[in-house]
Each structure stands twice: as structure tokens, then as C-alpha cells.
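These are the residues of each chain, in order.
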Amino acid sequence: MWNKLLKTVPGPRATGNHTCGTVVRLGSSEATPQVSRQARVVVAGAGLLGNSVAYHLADNGWSNVLVLDQSKVGSGTSHFGSGTIGLFKPTPERNIVVESLKLYQRLQDQGHDIGLRRCGSLNLAQTHDRVIALQRRAAYILPTGMAAELIDSETARKLHPFLYTDDLQGAVYVPDDCIADPAAVVQVLASEAKRKGVKYFEGCQVKYINTKNERVFSVETDVGTITCEYFVNCSGMWARELGLKCKPPVRVPAYPAQHYYALTPTLDLPTDDDNLLPCIRDYDSNLYARQYDQSLLVGWFEKDAKPAFEETKDIPKAWQDHLQDDPDHCAALWEKAVDRLPVLRDLRMPTVRNSPDNFTPDGRFIFGESAEVKNYFVACGMNGNPLQGSGGVGKALAEWIVSGTPTIDMLPFNVQRFLDLHNNRQYLQQRIREVVGRQYAILYPNQAEYKFARKLRCSPLYSVLEARGAVFGTKMGYERALYFDADYRRGDPLPTLPEGSFYKPKFFQHMEKEYQACAQHVGIIDISSFSKIEIKPGIQSDAAGSGGNAVLSYLQYMCANDVNIAVGHIVHTGMLNERGGYENDCMLIRQTEESYFMISPSSQQTRIYEWMSRNLPTDASVQLNDVTSMYTVINVVGPKSTLLMSELSNSDVRLAPFSYRKLNIGYASDVMIMSFTHTGMPGYCLYVPSEYALHVYDRLITRGRDYGARDVGTLTQRLLRIDKFIPFWGDELTSMTTPFEAGVFYSVRLDISQLKKKENFIGRQALERQKRDGLRKRLVLFHVEDIDIDKDVWPWGGEPLYRNNEFCGTVTSAGYGFASEKLVCLGYISRPDSNAVRTITTEFIMDKDAVYHIDIAGKRFRLTQHIHPKAAMASANERQDMSKSYRPTVVKEKKQQKS
């Protein structure tokens, strides 16, 4: 029966008569002479995203824009979506959706019939953890002024009489959520863009993007070549393939999943605004439902999704002809809808529609400038609902193109967050299977790892650590040990990450033992995923004949700190943008007078290489080399680390702080040993040539038994740095935060009178203004008071902060401080909006009359504020253990068998 009912016909379409004006079809003979061969911007794809970008470019005064589409305006899948606009989202996504809603409201107010209606939404919770997830989100949305009301199941039933509510534990009602007609929005945006001067060309297929001097030069189409300054890839399902049609190829990691929804027969529902049913998001059943005219539209974000077009080499132009039926899959989805909406049980079976949509490897939008080609921009991957994101994404991307720099924090969405591996088609097809369902899953902080497309990038130590009880997570595709199961014994089933929790993690006791090793003995951490780049003289350096140090001059310009340090020393610095915000947080090791080794966060591997490459001298006097995979990095942390390292090397390992040497460890040569640990605790970072990694690790563990050495995971390392008030990239350090705001004043040098070789650096003027005018926000460390760590929900990041009952900031990262024996939060605070004085001072933060609170899932806890690292006193048993005399044990080497 389902074989007959499953269809792949278009979804609801606009009823109004919207056109995009005169549209030239390049394939027609009479149109060819009218085709412009030059444009400032060429946009590929005339769906929601492409039209939004074109509209906003024209709105900014850029009218020399061409929009090309291989078929017709709106012929892809972006306008076949649910038409829902949901505001109850994490902060970065919500900011994008808010901008979309502003655009659609403006179009509606101008008289365009796009079907925009305020209907509200019900976000349902079937489990206790879902209630907490909704409460957490409601708490951090509250300060924005957006209404989000926690209600019981009875109230939910009154708001939507068709709901089955007996299994619900609660819900959140968001009255400002809306619906609109995606097909109408597509046409109106195109019409308005054309009215502002944008030209549209249908039936035009982009064949290749030509580059010159590593930037966009021209676009080859099936009817001719168009020279341009900027190219914007908004080609939806075809975006990845189009990205490959360029030299160098551009990564666009997005792939379509089969995405199902159904439209019921008429239910004779009232259609006036006062009686419009709210949208339903039943996260635990992976479904949504909304009123569509007098019917209901039901859709799914199922846990086990299906990639589209697996049987074809490329995404077909006639995509509707290649969608496959799967009646069993659809029948199971429909049963979930019937369970939530029993009224459906009495209706005849509806038509189930398959409208593929692009999903990304991490389930977040993709937009921004590519890492490979300057002025090549990308916007795609709306993850199942193009309507709600396209307006805001188009605005942000257009502003970036016009101003030359992002106007919002781009870290969550930047296309440069990916590597080549993420663009692999087979990888994407596997990862997409779970990304769809994760749109509605509870993503427990630091406990929501992917299951598919794993074990791709692995340290040489992976198998050894796995055999020692490591539980792994991924970062930039790299397998990293999150923690080690202390109860694991060789031969047992391998430990796995337990179900997540908003309370004390279920593996807390393992991290506690790891902390004790770092605090009292030796902790050994594999952090090989860190990005590593060599900065050396280029091939033209000697030919330049200037006699200067090109590498030093380049890095002094790129970095906020003075990098003219002695050979063998290390400096911590930021690389900033013109606003003074971070583009990178790194360690620079001076290896010779003219060469440096740079260590950056794992997620920066693509992004910072691109940033530095764009700013290289044009005379090729400086070259960069990504050596991330050449070294295995082992963090040796703890008070006994020097004793241990002294046993493993004949060289003196007593290094000055922030210095490095190359020496032998065991039988391994040329190991770079650095006197810092990324944790604020004593110890070393070992940069080991990967062929020696197993040997060095074996020596550390074997000899380390005498010193209480223990494997330690990256989650424990994260807690160590939070407790030591060390701001971290992506949490505290972003493109919108400066070193002064983050409190790392030591990493900036503005005194040019003493540093003649550092007269200027990117972001200097912005920092000088901040120093002169004062700061508007400041990073603060908070200890959470009066909280029961065994019974209460923990802070995890994103929670709102209040000063004297006025909202003043947001938690950026949080965790348990083993040294302070308290839950610790880091967060930026600013003066409340009601305060006429905007600058923030130490006196304001530490005012004895200031009372701070944190809202954790609707419950407030008192905070104690600190602006300097504050390590708690070690417990008595720790001090006792530290004072114990050292008694070595004999390690017997196994005799080699005679061959």
C-alpha cells in the first residue's frame, strides 16, 4: 500500500502570483546577445539562499550582481520545506533566525503575500532530561526579551486540542514563532532583487570557476564566460560538486538526506489568525507538525536517516526522478505521528513527500569565504529548514562581502571549520545518517559524540590507549581520549561513553583520579590533534637582498605580542583582526633566528592557515608548512614530571619557563620538549616525531609507574584550564573578543618606544582605543556557591549571569574545579542596559555590594566572582601524598628470544 502512497511531488506552493520580473534564459538564441560578460558578483543558485544574498547585496547598493540557475528560479528543494520559523534555538542559530524573521516581516509589511503568520509553537518533553534541556534553553533566552513559557501537559492540550499529552512531562510555549510560504518567499526575494538591479539568468549551468593570483577571476558557463570579482556558491545540493570545479578545489561539506513530510486531507480547521494551531516540535518522537490551510503538515528528523542519491555518481539535475521509495521507513514515521496526533488515525493515508535537503557534518549552517580561493563565498547546508535560516545568512554574507569582514561571530558557521576529509562523499553519506536526527536530539555538553564516520584521523597511540580503557571523542575528525575508564581490564569489552547527563557526569570518578595524577604525580595526555605550522624563510628570501628578517617582520605584524624572543624560547600570543578580536590563539616557538614553530587549537587547522596565507608577503619571502600529522604530542603534567623526564633523557630537562630544547627521550631522537602544559600546571609538552611515538609513550608509562603516572583524557585537561582561569579558543577567545576583554593583557605589547621592530600589528588601533576609552565587557571567573554537585543540574555553558538581579552576561565555559572543589564558570560580563555608564572596571566587578547569580535550568545559584586565577588549597591527603619519599620499583626488561 505504501508503495502507491509514497510520492516525490512538490510540496505546498504559493497561491499568490509572484514573479521575479523579466528573466533571461541563456539557452535561448535571442537572449544570448543580452548576456552581460562582466559582473561584480556572480551568485550560483536561485533558491532561498541565493535570492537572499542577491537581495541583500542590492540592498547595500551593489546592483551589478548576476544570479545564475541551471534550471529556473526556485527549481531546487529549498522552497519545499515546512515553512516553520522557530526562535527557540541555541543563541548563534537564534540570532540568524531573528534576522530572517525581520526580513520576512518587512516583505510582508511592504504588501507581499508570503503567508507570514504568527502561530506560536509547542516544544514537547517526554522525558525528565528533555524538560531540563528545555528549561536550560528557556533560561538563556529569557534575557533577550523573547517569550518562552514553561507549561504543563494540560495547558499544552488546551493550546493544541489534537495533541495526545498523557506521556508528556511538560512543554515550552513560544508565542512568537511563525510560519510562511517558502515558495512565495523565493519568488518575492528574486522579484525585489531584480527591482533593485540584479539580473537573473535561467537555464545556465556553471562549468568552472577560474582563479587568478589565488582569487576569483571568472565563471565559465555552458553559454560563455563571465568575469567577476566575487563568486557565491548557493547551489544547494549541488554546492559540494560545484566547489570541486575550481582550481584549487573549494571544500563545501554538505550532502542531501532524504527528508520526508506528509500533508493530510482537510480537517476543516479554522484559518483565521486567532484560531491558528501552534506548531508542534515533538523532539523525543523526532517529528514536527504545523497547520497548513485546513490540513496538517507533518515532518520528521528521524534518528536513522537515509542519504539521497547514493546510486548516482553526482547529484542529478532532474533530482525528482531519482528519489527512491521506502514504504517501510515511511510507515514507521507515520505511526509516530499518529501516536502524537490521534486524529490522524481516522484519516485516509496521506501522500508522503520526499524533499531532500542539505545537511552538514556537524549539523550547523555553512557560510563564509572559502579557505582555498579569495572572494569565493559559500552559503548552503540549512539542515532541513532553509526558510528560517536563509534570510539571516544572506544578510550576514552580503555584509561580509560589502565590508570585507564578518559582522557577526562566524566561528559556529564558518566554512573554514572543515578539512578535506569532511568533504569526502562517502564520509558525508555516513555522517548524514545521524546528523538529521541530531537536529532534535539532546546534545549533552561534552558528552554527545558521533557514531558514524569515526576512526578516521588517529594518533599513533590510538590502539594502545584504546587497550588501556580510553573512551574517545572527535575534534576535527581526530580521535581523542576523553577520559580513561579506571575499572577497565584488558580482555573486558571496550568501554564506551555512557548516556549523557546534565548532572554530575557518569564518568566523574574517572576524571577525579586523572586530576589526582596531575596534581600529585604525573598525568600523560595525548593532544596530537593540535594544529602545528612551521613558519620559515621562503625561496625568495635570500634573493630579496634586504638583509632583514622577513619571518620576524611578518610575525610581528601578525601577532599582538612581541615575538622577537631568544632562540629556544616560547611566546604566547594572539593573532587579531582589525577590530582587535581573535583570529588565532597560539604558542610560537623560535627554533632559529629565522624560523618559528606555531601551535594552535585543533579546530584552527584550516582557518588559521588560510588567515596567515592571506597575509603573507607578496615577495614569497615567507613560507608556511602544515606539519600537524608529523608530530605526536604528549602532555606530561604534574609535580613529578621533571623527575620522570630526567630518567628518560641524558640531557638536562630542567628548562626555564616557556622555553624548549630538542633532545633524546629513551631511544628516540629530536624530540621537542617544551616547558608548558596548556593546563596551568607544571610539566612538559613533548612534540615527538610520529615514528617514535609508541616508544616514547611506552617509556613514559613504564618508568612512570614509580611516579604514579596515569593516562589522562582531554575532558580532565579542559577542567584543569577552567579552574586555572585559562581562556580557550572558541569559548572565551573569538573574533568578537579582544585580549584586554579576556584579561590576557600579558599577550599584547603596545610600547613601540622600547620595541622598535614592532611598530604596528593587525588590530593595534582597536586595542589602543580600548585602552584609552575603557572596556565594555570583561571575562570573570565565578565559583558557584550553595549547589549540591550530586543532586543539582550543573552549569555547562550558555547560562545567563545576573548582577543584583540584572542580566549582565553569559557563561562561556564551565566545569568542576578539583583544586577549588567547586563548580567553576567563566563568562563575560558587562554593565546592565539600564546603566548610563558603559565601561566596566575592576571596581564594578568586585564591588562588595554586587551580588551575582547564575540561572541553571530555571534555578538561580549565588556566585563568587574573581578576576585573577584562584587555586584552592590542596587537601590534607594530597599534601601527605606529595611529601611521601620516593621508593623506586624495579622494572624488569623482557629478554629477547633467540631467533
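Residues numbered from 1 in each chain as written. Predicted model: local features only at pLDDT ≥ 70, side-chain atom pairs only at ≥ 80, totals over all residues. Heavy atoms only, no water.

1. A closer look at the overall build of the protein
Then, number 1: Within the protein, the secondary structure is distributed over 22 helices and 42 strands.
Then, number 2: Split into buried and exposed, the 899 residues of the protein put 60% on the buried side.
Then, number 3: Restricting the contact set of the protein to residue pairs at least 6 apart, pairs at least 24 apart contribute 73%.
Then, number 4: Surface summary for the protein: the accessible area is close to 36500 Å², and the carbon and sulfur share equals 47%.
Then, number 5: Positive and negative side-chain charges of the protein, numbering 105 and 102 respectively, have mean locations separated by a distance of 4 Å. (Helix = DSSP H or I, 4+ residues; strand = E, 2+ residues; numbered from the N terminus. Buried < 20%, exposed > 50% of the residue type's maximum accessible area, 1.4 Å probe, protein only. Contact = heavy atoms within 4.5 Å. Areas by Shrake-Rupley, 256 points an atom, 1.4 Å probe, with all protein chains shown as cover. Lys, Arg positive; Asp, Glu negative; His and termini not counted. Charge placed at Lys NZ, Arg CZ, Asp CG, Glu CD.)

2. Side note on the nonpolar core
Then, number 1: Counting residues in hydrophobic clusters, the biggest one holds 91 residues, and the most contacted among them are Ile85, Phe88, Tyr200, Val232 and Phe367.
Then, number 2: Residue assignment places this core across two domains, with domain 1 (38-78 + 183-254 + 362-421) and domain 2 (116-179 + 257-358) each supplying three or more.
Then, number 3: Discounting chain neighbours no more than four positions away, the residues touching Phe88 are Asn123, Leu134, Arg137, Ala138, Ile141, Met146, Ala148, Val172, Val174, Asp177 and Tyr283.
Then, number 4: The next biggest cluster of nonpolar side chains, apart from the first, holds 86 residues, and it includes Phe597, Leu826, Tyr852 and Phe861. (Core = buried A, V, L, I, M, F, W, Y, C linked by side-chain atoms within 4.5 Å. Domains from an automatic or database assignment.)

3. Details of the sheet that holds strand β5 (residues 84-85)
Then, number 1: Taken together, 3 strands build an open sheet; the order of strands is β5-β10-β6 and the sheet is antiparallel. The sheet is open, and its two borders are formed by β5 and β6 (117-118), each paired with just one other strand.
Then, number 2: Relative to strand β10 (residues 178-179), β6 is paired through 2 bridges, and the arrangement is antiparallel. The residue of β10 that forms the bridge with Arg117 is Ile179. (Pairing = 2+ DSSP bridges.)

4. A few points about the sheet that holds strand β27 (residues 531-537)
Then, number 1: Pairing is antiparallel across the open sheet formed by 5 strands, whose spatial order is β28-β29-β30-β27-β31. The outermost strands of the open sheet, each flanked by one partner alone, are β28 (570-576) and β31 (622-626). Sheet twist, expressed as the mean angle between neighbouring strand axes with direction ignored, is 30°.
Then, number 2: Inspection of the sheet shows strand β29 (residues 582-592) paired to strand β30 (residues 595-600) by 5 bridges, in the antiparallel sense. Considered in β30, the bridge of Leu588 is made with Met598.
Then, number 3: Across the sheet, helix α14 (residues 550-558) touches β27, β28, β29, β30 and β31, and the angle it forms with β27 is around 130°. (Axes fitted to C-alpha atoms, helices over the stretch in contact; angles between N-to-C directions.)

5. A short note on the domain arrangement of the protein
Then, number 1: Each assigned domain of the protein is listed here: domain 1 (38-78 + 183-254 + 362-421), domain 2 (116-179 + 257-358) and domain 3 (774-866).
Then, number 2: On a C-alpha basis, the centres of domain 1 and domain 2 stand 30 Å from each other.
Then, number 3: Each partner contributes residues to the interface: domain 1 has 16 residues there, and domain 2 has 12 residues.
Then, number 4: In this assembly, domain 1 packs against domain 2 so that about 1200 Å² is buried in total across both faces, 50% of it on carbon and sulfur atoms.
Then, number 5: Run the count over domain 1 and domain 2 and you get 0 salt bridges.
Then, number 6: Remark: the boundary between domain 1 and domain 2 carries 8 residue pairs in polar contact (both at pLDDT 80 or more).
Then, number 7: Here the residues of the side of domain 1 that touches domain 2 sort into 6 nonpolar, 9 polar and 1 charged. (Buried area = accessible area lost by both parts, 1.4 Å probe. Salt bridge = Lys/Arg side-chain N within 4 Å of Asp/Glu carboxyl O. Polar contact = N/O pair within 3.5 Å; in protein donor to acceptor, adjacent residues only side chain to side chain. Nonpolar A, V, L, I, M, F, W, Y, C, P; charged D, E, K, R; others polar.)

6. Let's talk about the packing of α14 against helix α15 (residues 605-614)
Geometrically, a packed helix pair is captured by the angle between its two axes and the distance between the axes.
Then, number 1: Viewed as axis vectors pointing N to C, α14 and α15 meet at an angle of 115°, and their least axial separation amounts to 11 Å. By the criterion of interaxial angle, the relationship of α14 to α15 is roughly perpendicular. In this structure, α14 meets α15 at a crossing whose hand is right-handed. When α14 is examined against α15, the residues Tyr554, Leu555 and Met558 are found in contact with a partner set consisting of Trp611, Met612 and Ser613.
Then, number 2: Broken down by class, the residue content of the contact of α14 with α15 amounts to 5 nonpolar, 1 polar and no charged. (Parallel < 35°, antiparallel > 145°, perpendicular 65-115°, else oblique. Left-handed = near helix turned anticlockwise from the far one by under 90°.)

7. Describing the UniProt feature "domain: FAD dependent oxidoreductase" (unreviewed entry) in the protein
Then, number 1: The positions that UniProt labels "domain: FAD dependent oxidoreductase" (unreviewed entry) are, in the present scheme, residues 40-400.
Then, number 2: As annotated, residues 40-400 comprises 28% helix and 26% strand, and the C-alpha atoms at either end are separated by 15 Å. (UniProt positions renumbered as here; feature names shortened; annotations may be inferred.)

8. What about the pairing of strand β33 (residues 660-665)?
Then, number 1: Relative to strand β34 (residues 668-674), β33 runs antiparallel, the two sharing 5 bridges. Paired with Tyr660 across the two strands is Met674, which belongs to β34.
Then, number 2: Where β33 folds back onto β34 in an antiparallel hairpin, the turn is made up of 2 residues, including Gly666, whose phi is positive at roughly 65°.

9. What to know about the packing of aromatic side chains
Then, number 1: Going through the model one piece at a time under the given rule, you end up with 26 aromatic pairs.
Then, number 2: Residues Tyr288 and Phe301 carry aromatic rings whose centres are separated by 5.9 Å and whose planes lie at 50° to one another, so their mutual orientation is tilted. Of this pair, Tyr288 sits in strand β18 (residues 287-292) while Phe301 is found in the loop between β19 (295-300) and α8 (327-340), placing the two residues 13 residues apart along the sequence. Taken individually, Tyr288 and Phe301 each receive the classification buried, so the pair is uniform in this respect.
Then, number 3: An aromatic cluster is built from Phe508, Tyr515, Trp794, Trp796, Tyr816 and Phe818, whose rings are joined through pairwise contacts.
Then, number 4: Taking the ring centre of Trp62 as reference, the NZ or CZ of Arg40 above it sits at 3.5 Å.
Then, number 5: When the ring centre of Phe88 is taken as reference, the NZ or CZ atom of Arg137 above it lies at 5.6 Å. (Phe/Tyr/Trp six-rings, centres within 6.5 Å; stacked < 30°, edge-to-face > 60°. Lys NZ or Arg CZ within 6 Å of the ring centre and 35° of its normal.)

10. A few points about the packing of helix α3 (residues 91-109) against helix α6 (residues 182-195)
Then, number 1: Put simply, α3 and α6 touch, their axes get as near as 12 Å, and they point 75° apart. Taken together, the axes of α3 and α6 are roughly perpendicular relative to one another. For the pair α3 and α6, contact is made by Leu103, Tyr104 and Leu107 and by Val185, Val188, Leu189 and Glu192, respectively.
Then, number 2: Taken together, the residues that form the contact of α3 with α6 break down as 6 nonpolar, no polar and 1 charged.

11. Considerations on the side chain of Arg417
Then, number 1: Looking at the secondary structure, you find Arg417 in the loop between α9 (386-403) and α10 (425-438).
Then, number 2: Residue class for Arg417 comes out buried when judged on its relative accessible area of 10%.
Then, number 3: Within the local environment of Arg417, its side chain forms a polar contact with the backbone oxygen of Phe413, the two atoms lying 2.6 Å apart.
Then, number 4: Every residue in contact with Arg417, bar those within four places of it in the chain, is listed here: Thr360, Asp362, Arg364, Phe365, Ile366, Leu411, Pro412 and Met476.

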